[in-house]
Amino acid sequence: MKYAINRRTFLRLSATTISAVPFLSFSNIISEKPLLQFGMMTDSHYADCPSRGIRFFQQSKAKMKECVDLMNQRKVDFMIHLGDLKDESKPAIESETLQYLKDIESIYAAFSGPRFHAIGNHDLDSISKKQFLDHIENTGIPKDQSYYSFDQNGFHFVVLDANYLKDGTDHGNRNFHWEDTQLPPEELQWLKEDLNKITYPTFVFLHHTLYDVGETGKKYHVTDADQIRNILEQSGNVMAVFQGHYHREQYQKINGIHYYVLKAMVDYSGKENNSYAIVKLYKNGVLEIEGFRRAISKSLHFKAIKNEN
């Protein structure tokens, strides 16, 4: 049974939740069916090549299958991969890289509901953005769109693509640096217009982070992160942003918006070191992140959003 939420009712119910406690234990969550739940994973980095450091590329097929099987069992409303779906061998061969993409996407395709992707930097290492998009499916989204939005059960979801050079050129085929990422002017304008026409509670997905994670000497965040966050804040409807890329879990709350980084699927050997999550949205204003394996579970309280006119 599908649920819809009236926005005025959502605001009233959210306002009644105890705002002084940003993290709530699961025992405090009312035992009820969520209004919506979705599966989330990131940084699977699949490639049929030996491990490098803590990244066990070949094991991501089994880890992905475990994740998809559970999401099918739990009947989540949709799934989202937050980027770096695949990786490459050293040296990279284009035909092999495309095969790795096909192999891991075929496992993801076993999910029985809608599925989506945010593009990561490793998705574009030795192939073009067009090649990547041609070999994956974002349900109901045209093939040529690398950033897009969709609605589900009274909520709005935005997927961003920061894989661009400063001049607006697509990353791809070695023509990029992983620390040089931004949203081009047309995507920023699209984001403003998309958020301005929506009154639903909104959630944002992208691969790169929208804030400095604090690791000295490395830049994981989007170059124009401050500008993007300002757009999200000005909309008044954005509740949370989900990100990958950093491989370690992080959380920040910035100007009323939750920013959550999910741990990478590829890191460390063995099924016990898998990482994925189910996000559940409740009518009492609680967002529950149920983490599996290495992913940590959290409960967050929605921020207040602007009133309807």
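Everything below is about the structure printed above this text.
In what follows, the accompanying structure is described. Owing to the predicted nature of the structure, the values given are computational and were not obtained by experimental measurement. (Residues numbered from 1 in each chain as written. Predicted model: local features only at pLDDT ≥ 70, side-chain atom pairs only at ≥ 80, totals over all residues. Heavy atoms only, no water.)

## Observations regarding the overall build of the chain
Next, step 1: Of regular secondary structure, the chain possesses six helices and 12 strands.
Next, step 2: Looking at the 309 residues of the chain, the share that counts as buried comes to 59%.
Next, step 3: Here the contacts in the chain between residues at least 6 apart in sequence split such that 69% fall between residues at least 24 apart.
Next, step 4: Accessible surface, the chain as shown: approximately 12800 Å² in total, 49% of it carbon and sulfur. (Helix = DSSP H or I, 4+ residues; strand = E, 2+ residues; numbered from the N terminus. Buried < 20%, exposed > 50% of the residue type's maximum accessible area, 1.4 Å probe, protein only. Contact = heavy atoms within 4.5 Å. Areas by Shrake-Rupley, 256 points an atom, 1.4 Å probe, with all protein chains shown as cover.)

## Some points on the pairing of strand 6 (residues 202-206)
Next, step 1: With respect to burial, strand 6 is a largely interior element, five of its five residues being buried.
Next, step 2: Residues T202, V204 and L206 line one face of strand 6 and the alternating positions F203 and F205 line the opposite face, and both faces are buried.
Next, step 3: Both strand 5 (residues 155-159) and strand 6 contribute to a ladder of four bridges, which runs parallel. The residue bridging V158 from the neighbouring strand is V204, located in strand 6.
Next, step 4: Direction of pairing for strand 6 relative to strand 7 (residues 238-243): parallel, over a ladder of five bridges. Its bridge partner lying in strand 7, T202 is registered against V238.
Next, step 5: Read as a crossover between parallel neighbours, the route from strand 6 over helix 6 (residues 225-235) to strand 7 is right-handed. (Pairing = 2+ DSSP bridges. Right-handed = clockwise from strand over helix to strand, strands pointing away.)

## Description of the pattern of salt bridges
Two side chains of opposite charge can pair, provided their charged atoms sit close to one another.
Next, step 1: Tallied over the full model, the rule gives 17 salt bridges.
Next, step 2: Residues D226 and R229 are paired through a salt bridge, measuring 2.9 Å at the closest nitrogen-oxygen approach. In this pair, D226 and R229 both sit in helix 6, three residues apart, roughly one turn of the helix.
Next, step 3: A relative accessible area of 14% places R229 in the buried class. (Salt bridge = Lys/Arg side-chain N within 4 Å of Asp/Glu carboxyl O.)

## What about the sheet that holds strand 12 (residues 298-301)?
Next, step 1: Strand order in the open sheet formed by six strands is 3-2-1-10-11-12, with mixed pairing between adjacent strands. Edge positions in the sheet fall to strand 3 (115-117) and strand 12, since each of these pairs with one other strand and no more. For this sheet the average axis-to-axis angle between neighbouring strands, irrespective of direction, equals 20°.
Next, step 2: In terms of strand pairing, strand 10 (residues 275-281) meets strand 11 (residues 286-293) through seven bridges, oriented antiparallel. (Axes fitted to C-alpha atoms, helices over the stretch in contact; angles between N-to-C directions.)

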